[in-house]
Amino acid sequence: MLGNNPYTAAGWYNPQNPLSGPWRPASSEPPTFGALPTQGGTNSILTFEFCSFNPDVLNCTVIGPMKRSFFTIRTSSSNTVISKSEGAFAIIHWAQRPTVEASGVIPFQRAAEFVRLSSDRSLMKVDGKTYAWVPGSSGICLYTTGPNPPEQFAKLRMVSDNSKVLLEITSEAFQAGLFEPSIVSTVLLFSSRNID
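Residues numbered from 1 in each chain as written. Predicted model: local features only at pLDDT ≥ 70, side-chain atom pairs only at ≥ 80, totals over all residues. Heavy atoms only, no water.

A.B. asks: I would appreciate a short explanation of the pairing of strand S5 (residues 87-93) in the present structure.
C.D. replies: Moving residue by residue along a regular strand, the side chains alternate between the two faces of the sheet. In this structure, strand S4 (residues 79-84) lies alongside S5, joined through six bridges in antiparallel fashion. Across the sheet, residue isoleucine 82 finds its bridge partner in S5, namely alanine 90. With antiparallel pairing between neighbouring strands as the criterion, S4 and S5 make up a hairpin whose turn holds two residues. Across four bridges, the pairing between S5 and strand S6 (residues 99-102) is antiparallel. For alanine 90, the partnering residue across the bridge sits in S6 and is alanine 102. The antiparallel pairing of S5 with S6 creates a hairpin that spans five residues between the two strands. (Pairing = 2+ DSSP bridges. Helix = DSSP H or I, 4+ residues; strand = E, 2+ residues; numbered from the N terminus.)

Here it is in structure tokens:
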């Protein structure tokens, strides 16, 4: 019956069959590679700098990997415009009740609906999913919310000399469509303006 045992047929060691040996994979990948999520995958972190403050985050440049310019942020008395190289991408209207919108990413809405502030976290809604910006000793971290354990997607922090804000964001956050909403959230959270 040695031939009918699927474990032996797969090469697993069977003390009753001296010809079977320990399983040795042909590759370094686990046998479920691609079928199941893995722990500690290839989730890289990219850093973006809100820098060249004039005088603050409401007038600055966002520089990414390889010192490439990704966005410019310019503010007049009533609006903040976030632009990509192709042109305006997002706008924040500073009124009694500020509004925000970003082309194809954030529908027109009150800023307080996009980033809901509370004493211990700020909730951000993107594509029907809610994420939480949670302040901590190392910065403000973006986490998933819901029944599963929270997963960190990004972190915001002001450098010690207050010359720039850093956004550290995971590649998984990019795939989830959180890059542009995180840019807009950074401007709102570090604007020193009332967004309620």
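A.B. asks: Help me out: how do you make sense of the pattern of salt bridges in this one?
C.D. replies: Two side chains bearing opposite charge may form a pair once their charged atoms approach each other closely. Using the criterion set out here, one finds six salt bridges in the structure. Glutamate 49 serves as the salt-bridge partner of lysine 164, at 3.4 Å between the closest nitrogen and oxygen. One end of the pair, lysine 164, is in the loop between strand S12 (152-158) and strand S13 (165-170); the other, glutamate 49, is in strand S1 (residues 45-51), with 115 residues separating them in the sequence. Salt-bridge contacts for glutamate 168 lead to arginine 157; the nearest nitrogen and oxygen are separated by 3.7 Å. (Salt bridge = Lys/Arg side-chain N within 4 Å of Asp/Glu carboxyl O.)

In short, the description is geometric, and any link to function would need to be established separately.
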